[in-house]
Amino acid sequence: LDGMALCDWLSLRDTWHGRWPDWRFEELLVMAQVPTITSVSRQALVSGQRPAELGDLTTNAHEPQLWRSFWLSRGLDESRVALESLSLDRLPPPEAVTSSRVAALCLIDHSVDELSHGASLGAAQAIVSLSRWLQDYAPRLEAVIETLLQSGYAIYLTSDHGHVEAIGMGRPNEGILAETRGQRVRMYGDAAQAANAHAAFTDTVIWHDDGLLPEGCCVLLADGRKAFATSGDRVVTHGGLTIEEVLVPLVYIRKVHECH
């Protein structure tokens, strides 16, 4: 579930306990990759690789191949591996969900992330939107999970990053200098450019040479709960270093009869 924060999972878990009494959850926490943006943290998640090994950190277009490569290196035939997007408000589940051939299936659903990015009134609106999501959208997702459980899959639900409410402190006016421009993070291929932006926006942190990012990649993170947004605006976003963005749930879902 792209963008599912720990607080989102707690609401989801409570709802699912009531709807699916034969589901059991084993809950862990994992750390999202910094910067906690989708093109970095989700690519790392589906590939099992450090960002330095990924090549392009500005797009998620390579995820299907990264997922296949991971499983091919572990002995699965390419025809038994699939990565698909879910858009259950518009489309039925992909055929891979019911395929008897597929053995390693990654399903990516963007709907929770879209809720947070659309929360122009801050965290309070995100909470209300998630409540509606649990009512209208979640049952379709639950049906997919139940189908997979009935087919014998081991189900792991996780997220690439969380989200946080942040207050705008203005936007750097840099044109194309920043390779990635988010509300909590900006990525540069040149340390001097990052230093210039840091000098202009002192409520920031320069992140580089961490042994995980590519050599020469320099990241400017909004500090605390600030955002590269119109000054004073309240936004729900991600990319930074807060606990809410970095710590995400990893949940093993199984049927109650499998617990004995």
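It should be noted that the structure appears before, not after, this text.
Anyway, here's the lowdown on the structure attached to this text.

Analysis parameters
Residues numbered from 1 in each chain as written. Predicted model: local features only at pLDDT ≥ 70, side-chain atom pairs only at ≥ 80, totals over all residues. Heavy atoms only, no water. Core = buried A, V, L, I, M, F, W, Y, C linked by side-chain atoms within 4.5 Å. Buried < 20%, exposed > 50% of the residue type's maximum accessible area, 1.4 Å probe, protein only. Helix = DSSP H or I, 4+ residues; strand = E, 2+ residues; numbered from the N terminus. Contact = heavy atoms within 4.5 Å. Pairing = 2+ DSSP bridges. 1 Å grid on protein atoms, 1.4 Å probe; cavity = no way out; pocket = protein on both sides within 12 Å on 5 of 7 lines; lining within 4 Å. Points joined across faces, edges and corners; volume = space filled by probe spheres on them. Axes fitted to C-alpha atoms, helices over the stretch in contact; angles between N-to-C directions. Patch = residues over 30% accessible without salt bridge, like charges linked within 9 Å, V, L, I, M, F, W, Y side chains within 5 Å. Areas by Shrake-Rupley, 256 points an atom, 1.4 Å probe, with all protein chains shown as cover. Salt bridge = Lys/Arg side-chain N within 4 Å of Asp/Glu carboxyl O.

1. Focus: the nonpolar core
Reasoning step 1: One finds Leu12, Trp16, Trp133, Leu157 and Ile253 to be the most contacted residues of the largest nonpolar core, which totals 30 residues.
Reasoning step 2: Within the residue set of this core, elements represented by two or more residues are α1 (6-19), β1 (23-31), β2 (81-86), α5 (123-136), α6 (138-150), β4 (155-158) and β12 (247-255).
Reasoning step 3: Element by element, the count of residues in this core is highest for α6, at 6 residues.
Reasoning step 4: Sequence-distant contacts of Leu157, that is, excluding residues within four places in its chain, are made with Leu1, Met4, Trp9, Leu12, Trp16, Pro249, Leu250, Val251 and Ile253.
Reasoning step 5: One finds Val40, Cys217, Val219 and Leu221 within the second-largest nonpolar core, a separate group that totals 13 residues.

2. Section: the side chain of Thr38
Reasoning step 1: If you trace the backbone, Thr38 turns up in helix α2 (residues 38-47).
Reasoning step 2: Look past the residues within four positions of Thr38 in its chain and what remains in contact with it is Asp2, Gln43, Asn60, Asp160, His161 and His238.

3. Observations regarding unusual backbone geometry
Reasoning step 1: Geometrically, the link from Val34 to Pro35 is a cis peptide bond, its omega value of 0 degrees lying close to zero.
Reasoning step 2: Structurally, Pro35 can be placed in the loop between β1 and α2.
Reasoning step 3: Phi is positive for Asp209, which is not a glycine, with a value near 50 degrees.
Reasoning step 4: Along the chain, Asp209 turns up in the loop between β8 (204-207) and β9 (218-222).
Reasoning step 5: We classify Asp209 as exposed; its relative accessible area is 61%.

4. Comments concerning the pairing of strand β7 (residues 185-188)
Reasoning step 1: A two-sided burial pattern is seen for β7, the buried positions comprising Val185 and Met187 on one face and Arg186 and Tyr188 on the other.
Reasoning step 2: The sheet contact formed by β7 and β9 spans 4 bridges and is antiparallel. When the sheet's bridge partners are listed, Val185 is paired in β9 with Leu221.

5. Observations regarding empty space enclosed by the protein
Reasoning step 1: By the definition in use, this model includes 1 cavity of 30 Å³ or more.
Reasoning step 2: Roughly 40 Å³ of volume is contained in the largest cavity.
Reasoning step 3: If you go around the largest cavity, the residues you meet are Asp8, Val112, Leu115, Ser116, Ala126, Leu130 and His163.
Reasoning step 4: Going through the elements one at a time, α4 (111-117) and α5 are the ones with two or more residues in the lining of the largest cavity.

6. So, the sheet that holds β1
Reasoning step 1: One open sheet accounts for 3 strands, arranged β1-β12-β4; its pairing is antiparallel. Every interior strand has two partners, whereas the edge strands, β1 and β4, have only one. Each adjacent strand pair in this sheet contributes to an overall mean axis angle of 25 degrees, direction not counted.
Reasoning step 2: Relative to β12, β4 is paired through 4 bridges, and the arrangement is antiparallel. Residue pairing for β12: Ile155 is matched across the bridge by Ile253.
Reasoning step 3: Sheet strands touched by α1: β1, β4 and β12. Its angle to β1, the strand with the most contacts, is close to 175 degrees.

7. Re a nonpolar patch on the surface
Reasoning step 1: On the surface, a cluster of nonpolar side chains totalling about 230 Å² of accessible area is made up of Leu6, Leu10 and Leu29.
Reasoning step 2: Here Leu10 is to be found in helix α1.

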